[in-house]
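Here are the chains, one letter per residue:
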Amino acid sequence: MVTTAFNPITSKFQGHVGPYIYYVVRNRQRIRSMPSAVRNPRSAAQTAHRNRFAVANSVAAAFKEVYPTGYRHTKEKDKSGYALDARSAFVKHIYRDALDDNSHLDPLRLKISRGTMPTFAATSVRVEETRLTLRWAMSGGGANDQLRICLYNYTQSRVKLLEESVSRQERHTTVRIPQEWETDHVYVYCFWQNAEGTKCG
């Protein structure tokens, strides 16, 4: 089996022939032998890593309408120092911070937004059947900052990002939980976004 590639810029051969791999580093031809087969591709540690990563991706998929806004301005980087896109940064957070030792999601450790603005802090929370009323102080941001609200149905693993938003200067809002979610375990996440949509908290 031979797989090859020819680089017209460096005129060097790249690919593998038999047990050898040919490649170019800094315009110099290199050669090395093919790596031996992995002795145990399904070790306990590797299996745990794959399972945890699969759970993190599954959670991220459920929040697909949320993280593009909440993680748009993240400054997370990969090991090489390159900036991560919103989804990669969100998956990294879930994998590292929001899963317990058994790779189960802990909703209280999940952060759906990361940015430079202050985090949302309610001064009072009132629950009446399927209505949730939130109040907050007018401090730490601009009057026209918009409060974004996300509902997470843990029982059904469903997510709803509310389309309507309310400004900071209004100081209160009432959220209606879907009637069919009344007996489910529901978490409410809130974060600020500036009026221009260029920052979030």
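The structure we're discussing is the one just above.
Note that the coordinates shown come from a computational prediction; the quantities given were computed from them, not determined experimentally.

Peer 1: What is the right way to look at unusual backbone geometry in this model?
Peer 2: Note: most peptide bonds trans; most residues except glycine with negative phi. Of note in the backbone geometry, S103 takes a positive phi value of approximately 65° without being a glycine. Inspection of the secondary structure puts S103 in the loop between α3 (86-98) and β5 (124-128). Classification of S103 as buried rests on a relative accessible area of 14%. Of note in this structure, S157 is not a glycine but carries a positive phi near 55°. Tracing the sequence through the fold places S157 in the loop between β7 (146-153) and β8 (158-161). Residue S157 is classed as partly exposed on the basis of its relative accessible area, which comes to 43%.

Peer 1: I'm lost on the sheet that holds β5 in this one. Help?
Peer 2: The strands making up a sheet associate through hydrogen bonds between their backbones, and the pairing can be parallel or antiparallel. Overall, antiparallel pairing links the 3 strands, which are arranged β5-β6-β10 in an open sheet. Bordering the open sheet on either side are β5 and β10 (172-176), each of which pairs with just one other strand. Here the average twist between neighbouring strands, direction ignored, is 15°. Taken together, the 5 bridges between β5 and strand β6 (residues 131-135) define a ladder with antiparallel strand orientation. Looking across to β6, one finds that V127 is bridged to L132.

Cut-off values and rules
Residues numbered from 1 in each chain as written. Predicted model: local features only at pLDDT ≥ 70, side-chain atom pairs only at ≥ 80, totals over all residues. Heavy atoms only, no water. Helix = DSSP H or I, 4+ residues; strand = E, 2+ residues; numbered from the N terminus. Buried < 20%, exposed > 50% of the residue type's maximum accessible area, 1.4 Å probe, protein only. Pairing = 2+ DSSP bridges. Axes fitted to C-alpha atoms, helices over the stretch in contact; angles between N-to-C directions.

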